[in-house]
Amino acid sequence: MPLKSRFCTAVVMSLVAGAQPASAFMAYVSNEKDNTVSVVDTASGTVVKTLPVGQRPRGITISHDGKFIYLCASDDDTIEVIDTQTHEIVGQLPSGPDPELFVLSPDGKTLYVANEDDNLVTVIDIESRDVLAEIPVGVEPEGMGISPDGKTMVNTSETTNMAHFIDTDSHEITHNVLVDSRPRFAEFKPDGSEVWVSAEIGGTVSVIDNASRAVKHKITFEIAGLRSEAIQPVGVRITADGKKAYVALGPANRVAVVDTTTYKVEKYVLVGQRVWQLAFTPDQKTIISTNGVSNDITFIDVATDEPVQSITVGAMPWGVVVSPQ
Amino acid sequence: MSVRPAVAADWGAAIKLAQAQTLTEPAQPRAGPAKPAPVDIHLGYLRAYAPQLALSVLDVPPRDEGVAGANVAIVDNNTTGRFLGQAFSLDVTEVNPDTDVNAAFEALAGKGVTAILADLSPSQLLALADVAAAKGILVFNVGATDDRLREEDCRANLFHTVPTRSMLADGLAQYLIWKQWRRWALVYGSHDRDRLFAEALRRAAERFGGEIVAQKEFVDTGTARRTDSGVVQIQRQMPVFTQGMPEYDVLLVADESEVFGTYVPYRTWQPRPVAGTAGLMPLAWHPASEQWGGTQIQNRFLKSTGRRMLSKDMSAWTAVRIIGEAATRTQSDDTARIAAFIHSPDFSIAAFKGQKLTFRAWNNQLRQPVFIGDGHSVVSTSPQEGFLHQVSELDTLGIDQPETKCVLK
């Protein structure tokens, strides 16, 4: 297949160019199809352990101290808590039915969970494991983003096609912003000025101004030789300095690199098949993509935006998070 | 579980207006104390209903086939509408097959419907479209697969969310060609709709490089569909019916009338797979599809109706969602604005089929992938990889613009 051979060439070239190895962090990858989490040493680029977890693991995040992984086991209707030292499942959080994605508050105390089947966002106090609130949102809630100050949470609903802005004190929706079809992910800029919302079927990323709560720009993607229907933006991550955004383009098998000032796509990085989610290493030197259909993850060098290495993980890798240490 | 299907104006200005609204302040809906009274958007559902028999009791259409899909979409639209001050409702009216629809239409029009979903015969549908046009009401065909409704008999106010016979036949043919099963034998029923699907399969063979090596009609002599010891006779009858054909890779069946098709698989003279209206079938939706977020709609549908979602349910769900999407994007319940938005080149709808669906501007047919599946699972979806098109690969399914006989008025 032409895609594959071009990809291999890109990898070989970057290896020859002497790309730096990623520093030592642990990446945790949820594998949707075989009910496992792959633990990947980012320095050696090897899978050091495969953890059996609940059914259909998707959304994955980590506590700020790096001690616990939180994992949406969607078909078990629960969130599993995994100890990163022992790799044991040490508890569960009351997620509500079919949890898919969630976001941790900046203070690390509260988890906001999208319940796809019930049109709800569930707010969970992690320490007490209590449900603090259930917030009715649009049809098929999915994307979850939180402002750096923790005051505003954004949920996207896939069939309603909105970004719902929720006040984290009152747990009330304050604004509903229409975006394009099947919004999948919401990511705040580190300075809190904008929220980027991807639309999988619409094929766009809407940049919402957080002050006016209105769409200020729509980013579109064009890749020569690919029909527009194959370009389906899902995961979005913005660098800590706020300068660059990475957008996973699903079956387009590429990650777009976007200048956050001009909103221009600077580059399309060919990774693996059906690229879903993204995570930075804490040193911001590497961003990792999960490539569902090719059962691998790709390390992209943030300095050069070249794919450095691909590593086979479990079946249908979905989400990824990297330990803070 | 049965998976069968039962049987140019100034749009640019309207879309620009719609887009401008989504991008500027006034159209951004606010939740808060100053909520306006909800705008009611009332839809009609007109269906020709009579109890239907099937060769297998598993294939008897559920009483609410189609309507249940529309109801689930009304709930979905209202979840969205809650944030926008829009409330959707549905009025279902049933008529007998092949009877006049005027009175039923007048009753719905009197209730102020914006659009009517129609599950009717082709002649009823055209009669409805014409009286509806006079009152500026849109009609969404959710049941009739007849190509002529999108070709020589097309209407400007008639939209089709259900795929055509030619789209279904092309979807199946692409899969068979991908499998390199190129030699087809065709057996078809003696009723009009069986012949129309057989014709769509012949056309697909010519388009995609299948070879029809033999054809045979199964004449309906009016036997009862369910008799106590029927299977004993069928076991002997079907091998004989399919005897004497040249070597083929697949036996294609065209029996929309439920006279013999279900009896063909596992009883053929030659040990070959069966496809068409029996065996491997092309479908607008599959009750086991979980791809592309399908799990969510399947769960929602099951929870609300207690049964699995069928093709007609999906065609009706999609029609109601299209109207909902247009009302949301235009922030309007005005039929003309809704029609303008649906007609605009920027319109698209997500319907759990892996890509956005759009209307063919030349005949108001919704472009969509076709599921290829048997009674239990999805085998594939078409268009298949490698069938290319200069505009949309979805236009490799069905009659394309250069061949169309439709002139929208």
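Worth saying up front: this structure is predicted, and the values here are computed from it rather than measured.

This part is about the overall build of chain B. Across its full length, chain B carries ten helices and 14 strands. Looking at chain B residue by residue over its 409 residues, the buried ones come to 51%.

Our focus in this paragraph is the domain arrangement of chain B. Residues and elements named next belong to chain B. As assigned here, chain B comprises domain 1 (11-163 + 286-368) and domain 2 (168-282). For domain 1 versus domain 2, the separation of C-alpha centres amounts to 33 Å. On the side of domain 2, six residues touch domain 1, which itself brings eight residues to the contact. In terms of residue class, the side of domain 1 that touches domain 2 is built from four nonpolar, two polar and two charged.

Residues and elements named next belong to chain B. Within the fold, Leu196 resides in helix H6 (residues 192-208). Assessed through the 21 C-beta atoms surrounding it within 10 Å, Leu196 is described here as buried. The spatial distance from the C-alpha of Leu196 to the C-alpha of Thr145 is 9.9 Å, given a sequence separation of 51 residues. With residues up to four places along the chain from it excluded, the contact list for Leu196 reads Asp146 and Arg165.

This part covers the sheet that holds strand S9 (residues 110-115) of chain A. All names here are of chain A. Spatial strand order, S8-S9-S10-S11: four strands in an open sheet with antiparallel pairing. Of all strands in the sheet, those bounded by a partner on one side alone are strand S8 (99-104) and strand S11 (130-136). Each adjacent strand pair in this sheet contributes to an overall mean axis angle of 25°, direction not counted. Pairing of S9 with strand S10 (residues 120-125) involves six bridges; the strand directions are antiparallel. Pairing of Leu111 across the sheet is with Ile124, part of S10.

Our focus in this paragraph is the interface of chain A and chain B. Opposite the 24 residues of chain A that make contact, chain B presents 21 residues. Of all the secondary structure elements, the ones that give two or more residues to the side of chain A that touches chain B are strand S15 (172-178) and strand S19 (214-220) of chain A. The greatest single-element share of the side of chain A that touches chain B, amounting to six residues, is contributed by S15 of chain A. Considering only residue class, the side of chain A that touches chain B consists of eight nonpolar, eight polar and eight charged.

Time to look at the confidence of the model for chain B. Residue and element names in this part refer to chain B. The predicted model of chain B averages 90 in pLDDT, with 89% of residues at 70 or higher. Counted against residues more than four places away or in other chains, residues 5-34, with its pLDDT under 50, gives 49 contacts. Across the predicted assembly, pTM comes out at 0.88 and ipTM at 0.83.

What follows covers the UniProt feature "domain: Leucine-binding protein" (unreviewed entry) in chain B. Those places that UniProt annotates as "domain: Leucine-binding protein" (unreviewed entry) correspond, in this numbering, to residues 67-223 of chain B. Between the end C-alpha atoms of residues 67-223 of chain B the distance is 31 Å, and the span holds 43% helix and 24% strand.

A word on the sheet that holds strand S4 (residues 57-62) of chain A. Residue and element names in this part refer to chain A. One open sheet holds the four strands; their spatial order is S4-S5-S6-S7, and the pairing between them is antiparallel. Edge positions in the sheet fall to S4 and strand S7 (89-93), since each has one partner strand and no second. Strand-to-strand twist across the sheet, computed as the mean angle between neighbouring axes with direction ignored, equals 25°. Direction of pairing for strand S6 (residues 78-83) relative to S7: antiparallel, over a ladder of four bridges. Bridging from a neighbouring strand, Ile82 pairs with Ile89 of S7.

What counts and how
- Residues numbered from 1 in each chain as written.
- Chains lettered and ligands numbered in written order.
- Predicted model: local features only at pLDDT ≥ 70, side-chain atom pairs only at ≥ 80, totals over all residues.
- Helix = DSSP H or I, 4+ residues; strand = E, 2+ residues; numbered from the N terminus.
- Buried ≥ 20, exposed ≤ 12 C-beta atoms within 10 Å, placed from the backbone.
- Domains from an automatic or database assignment.
- Contact = placed C-beta atoms within 7 Å.
- Nonpolar A, V, L, I, M, F, W, Y, C, P; charged D, E, K, R; others polar.
- Pairing = 2+ DSSP bridges.
- Axes fitted to C-alpha atoms, helices over the stretch in contact; angles between N-to-C directions.
- pLDDT = per-residue confidence, 0-100.
- UniProt positions renumbered as here; feature names shortened; annotations may be inferred.

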